[in-house]
Amino acid sequence: MNVLEEIADSLKGTVRCEIGRPVFRSSRYEVHEFRRENFRPLRVPDDTPLLAFIDGGNSPVITGPSFSVQLNRVAAGIFRGERRENMELPSRLEFLSLMRLDAENSRYTFNLHPLDPSYREILPDEDRLQIEIPMVEGMDPSNIQGLPRRFAEWTMALELMGELGEGDILVTDGSLQASFENENPYIHELMEEGERRGVYVAGFSKTCSLYTTTSASLLGTVRKLAERYGAGERWCYSPVAVRMDRPTVITVVKLNPAGRIFRLDILGEETEESPVRVASGLLRNSADACFPGYPYGLVDVDMRARVSRDEIEIYRGRVLAEIPEREILKDVVYEAKSLDFHDELNRYAGEY
């Protein structure tokens, strides 16, 4: 048996295993056993709620070991079914962020600079963006450079709530987990505002790395169960687990007969109605031929939130041009060069 046959044989043993039960490494989650009755069929609802979508992107303009300037962009869109609706808020929020290392106090600080002054009131509070340096050897600062964009997604979502009402659905890209503790106040505010307005708040994940106690993929396992039990062409499987400290229901959905299955988080207390209501409300928006089963609203905001390499080059030139002192400019460029040699290798390899 050659090495490729050995790998193929190992993969067979990995994917053809017992179902097990879902695994969540955090004790904050109450995990549910797999059950046939957790599959709930979906149908297009008679009423068509408003669907609001949020996504963001960021990319480094110039970065050194002790600082990072990032171009951040958050896009929002409102749909009714597959039809785009007008919105009062700006559909795109753009700003530059400056992250600086405060080594003496062991923390990172951030300053936010909107490209349009009217965006200022939508941006997150800079005081919430003061992050203590984790006491972990080899911690990579790039993991936190995107925090302003992430926080701005939450503040944009809170602003967008003003355009939604009873039974409408707000969908963020990704899960409803907080990467840093300072995110949690925004998520709690979003949950409270959703409850007050009767708006469902959900997080829709492009990918899912969850697995079961037998090391099988969680989504792959639910797919097998759906086939075994004849769940149908469109369904919601709920609950997989429930987060206890901040009520969030983890579900799995299939929104199109030709599409994939995805993880869907729903913020708030677990109810019989909410998973089916949210998943059903997304059906009409998940029928695009290029992305069957994935809400087109998320494709739309993803494309409008992207930051291109050409844009970054323009902003880098503009930032450096604003430093008239030659010695300071040399220092900034020298700091940046301590991190950019990987880019030089990529250019040599013809990757860009």
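Computed from a prediction, not measured in an experiment: that's the story for all the values here.

J.: What exactly am I supposed to notice about the nonpolar core here?
T.: A general feature of soluble globular proteins is that nonpolar side chains tend to end up buried together. Within the largest apolar cluster, 39 residues are counted, with the highest numbers of intra-cluster contacts made by Leu93, Leu160 and Leu170. Only strand E4 (50–64), strand E5 (67–80), strand E7 (92–102), strand E8 (107–114), helix H2 (147–160) and helix H3 (184–197) provide two or more residues apiece to this core. With eight residues, H2 is the single largest residue contributor to this core. Excluding residues that lie within four positions of it along the chain, Leu160 makes contacts with Ala52, Phe53, Ile54, Ala76, Ile78, Met87, Leu89 and Leu170.

J.: Quick question: what am I supposed to make of the packing of aromatic side chains here?
T.: Aromatic rings in a pair are described by how distant their centres are and how their planes are angled relative to each other. Counting across every chain of the model gives 11 aromatic pairs. Between Phe34 and Tyr237, the ring centres sit 6.2 Å apart and the planes meet at 50°, which makes this aromatic pair tilted. Within this pair, whereas Phe34 is found in the loop between strand E2 (29–31) and strand E3 (39–41), its partner Tyr237 is found in strand E13 (residues 235–243), the two being separated by 203 residues in sequence. Taken individually, Phe34 and Tyr237 each receive the classification buried, so the pair is uniform in this respect. Between Phe53 and Phe79 the ring centres are 5.9 Å apart and the planes differ by 75°, which places this aromatic pair in the edge-to-face class. Placement of Phe53 in strand E4 and of Phe79 in strand E5 is noted, with a sequence separation of 26 residues between them. Looking at Phe53, the relative accessible area reads 0%, which means it is buried. On the basis of relative accessibility, which here comes to 2%, the residue Phe79 falls in the buried class. Aromatic ring contacts, followed pair by pair, group Phe34, Phe39, Tyr229, Trp235 and Tyr237 into a single cluster. Sitting above the plane of the Tyr186 ring, Arg128 keeps its charged end 4.2 Å from the centroid.

Criteria and cut-off values
- Residues numbered from 1 in each chain as written.
- Predicted model: local features only at pLDDT ≥ 70, side-chain atom pairs only at ≥ 80, totals over all residues.
- Heavy atoms only, no water.
- Core = buried A, V, L, I, M, F, W, Y, C linked by side-chain atoms within 4.5 Å.
- Buried < 20%, exposed > 50% of the residue type's maximum accessible area, 1.4 Å probe, protein only.
- Helix = DSSP H or I, 4+ residues; strand = E, 2+ residues; numbered from the N terminus.
- Contact = heavy atoms within 4.5 Å.
- Phe/Tyr/Trp six-rings, centres within 6.5 Å; stacked < 30°, edge-to-face > 60°.
- Lys NZ or Arg CZ within 6 Å of the ring centre and 35° of its normal.

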